[in-house]
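# Chains, contacts and geometry: an overview
Each chain, written out:
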Amino acid sequence: MIFVGNDWAEDHHDIHVMDEKGKKLAARRLPEGVGGVSTLHAVIGDHANDPLEVSVGIETDHGLWVTSLIAAGYRVYAINPRAVARYRERHHVGGGKSDAGDAKVLADLVRTDAHNHRVVAGDTDDVQGIKVLARAQQSLVWSRTRETNRLRNALREFYPAALLAFEDLHDRDALAVLGRAPNPHLAAKLTRSQIKAALSAGGRRRNLDPTAERIQAALRTPQLHAPDAVAAAYAVVVSAQAGLITSMNTQLAELEAQLEQSFEQHPDADIILSLPGLSDVLGARVLGEFGDDPERFADAKSRRNYAGTSPITIASGKKRAVVARHARNTRLYDAIDQWAFCSLQASSGARGYYDQRRAAKDTHHQALRALGNRWVAILHGCLKHRHAYDEQTAWGHRQPAAA
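Residues numbered from 1 in each chain as written. Predicted model: local features only at pLDDT ≥ 70, side-chain atom pairs only at ≥ 80, totals over all residues. Heavy atoms only, no water.

### Considerations on the nonpolar core
Core analysis: the largest hydrophobic core is formed by 43 residues, its most contacted members being Phe290, Trp339, Leu371, Trp375 and Trp395. Per-element accounting of this core gives the leading share, ten residues, to helix α17 (residues 364-385). In this structure, Phe290 is in contact with Arg296, Phe297, Arg303, Tyr306, Ala307, Leu332, Ile336, Val376 and Leu379, ignoring residues within four places of it in sequence. Judged by nonpolar contacts, the second largest core, of 28 residues, contains Ala181, Ile195, Leu199 and Ala226. (Core = buried A, V, L, I, M, F, W, Y, C linked by side-chain atoms within 4.5 Å. Buried < 20%, exposed > 50% of the residue type's maximum accessible area, 1.4 Å probe, protein only. Helix = DSSP H or I, 4+ residues; strand = E, 2+ residues; numbered from the N terminus. Contact = heavy atoms within 4.5 Å.)

### Remarks on the packing of helix α13 (residues 280-290) against helix α15 (residues 330-346)
Where α13 contacts α15, the axes come no closer than 9 Å and their chain directions differ by 145 degrees. Read as a crossing pair, α13 and α15 show a hand that is left-handed. Here Leu282, Arg285, Val286, Glu289 and Phe290 of α13 come into contact with α15, specifically with Arg331, Leu332, Asp334, Ala335, Ile336, Gln338 and Trp339. (Axes fitted to C-alpha atoms, helices over the stretch in contact; angles between N-to-C directions. Left-handed = near helix turned anticlockwise from the far one by under 90°.)

### Section: the sheet that holds strand β5 (residues 75-78)
Strands pair in a sheet through their backbones, by hydrogen bonds, and they do so in one of two ways: parallel or antiparallel. The strand order across the open sheet formed by five strands is β3-β2-β1-β4-β5, and the pairing between neighbours is mixed. Two strands close off the open sheet at either side, each with one partner strand: β3 (24-31) and β5. Recorded for the sheet is a direction-independent mean angle of 20 degrees between the axes of neighbouring strands. By the bridge criterion, five bridges tie strand β1 (residues 2-8) to strand β4 (residues 54-58) in an arrangement that is parallel. Note on β4: the bridge partner recorded for Phe3 is Ser55. The strands that helix α1 (residues 34-45) touches are β1, β2 (12-18), β3 and β4; relative to β3, the one it contacts most, it runs at about 170 degrees. On the sheet, helix α4 (residues 99-113) packs against β1, β2, β3, β4 and β5 and is oriented at approximately 140 degrees with respect to β1. (Pairing = 2+ DSSP bridges.)

### Describing the packing of aromatic side chains
Aromatic ring pairs are described here by two measures, namely the spacing of the ring centres and the angle between the planes. Counted by the stated rule, this structure contains nine aromatic pairs. When the ring of Phe297 is compared with that of Tyr306, the centres are 5.5 Å apart and the planes differ by 55 degrees; the resulting orientation is tilted. This pair shows no difference in class: Phe297 is buried, exactly as Tyr306 is. Site record: aromatic cluster; members linked through ring pairs are Trp339, Tyr353, Trp375, Tyr389 and Trp395. The ring of Tyr306 has Arg296 sitting right over it, with the charged end atom 4.7 Å from the ring centre. If you follow Arg374 out to its NZ or CZ, it ends over the ring of Trp395, 5.4 Å from the centre. (Phe/Tyr/Trp six-rings, centres within 6.5 Å; stacked < 30°, edge-to-face > 60°. Lys NZ or Arg CZ within 6 Å of the ring centre and 35° of its normal.)

Structure follows, in structure tokens:
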């Protein structure tokens, strides 16, 4: 067996190769790309005859370089950078750090502690594609939220009537009217017919008259006015933000359509969609982050730990505390949190479990986290046994919440 530490950067990789006794066999700095990977294979080939004899430690689980290592047949361990930092401190308390030194630390780590770390999952190409689309969709949603907050802040400064008229500023109705009237002076002059025309252009087809009447009344609400020069400047900002968010909505719709199509073609899609609260987009995010390697999670506990929904216990002497995990996959945790919330209306078992947690003095977020933890275990069972969700099987053993 040989052990390889790979400290990666954007344009180069430092590698350190050692044997089972920790003896240095090779150390090199390699360029990113085909040439670097070819040289790495040649260096490893000088000391190993079988790829299964090679264990590689690296601080990432994705990218073309990692894909090449997995394709070569090496056992690749994705090591959390925090774990690497702690391991470094075990041997070097002076605080020194270098790329070559980190490569040696990674090699030593997989040589001695590989059993405490996970091998990069052998996910299919299909699920990796779903993961790329799901993360892009989620990132775009977060970007839209930031831009919407900027729009809200601008409106608060000079155009508060718009905040009365529209609850969701990224909604098509709000964007259509703000595009037509980006300042309160123009908004107050809008007729009902003009508002209806803006709503129609924005895509609304139903309830035009009552919606236009409500918006017109809100826009004509008396309000304080900013100086003309300030209001004119803010109006330019509002026009730009409204246009940007409209474009984001268009791109999101196209991205979600492609994501749904890719997700529905995956063999696990029917099982995932059978779980209450999971739509195509949310289900795709859950599948993309968990992956589809059936050997990745030995049991429900390991899946919960990876999701970050299971609590951790801190015990020392007579003190003991159970707290939430903060070191976790934030994208997956966000998806599970949304899933738990959506399931409250779709599953009586989930609702009863949530109510029991609330009755036990859990906060809303604590109860949702516990419910999400339960859903992860149910998902694990469904995928392991290849069967769709069944409400009675999942929740039948639990007593209903007290009235």
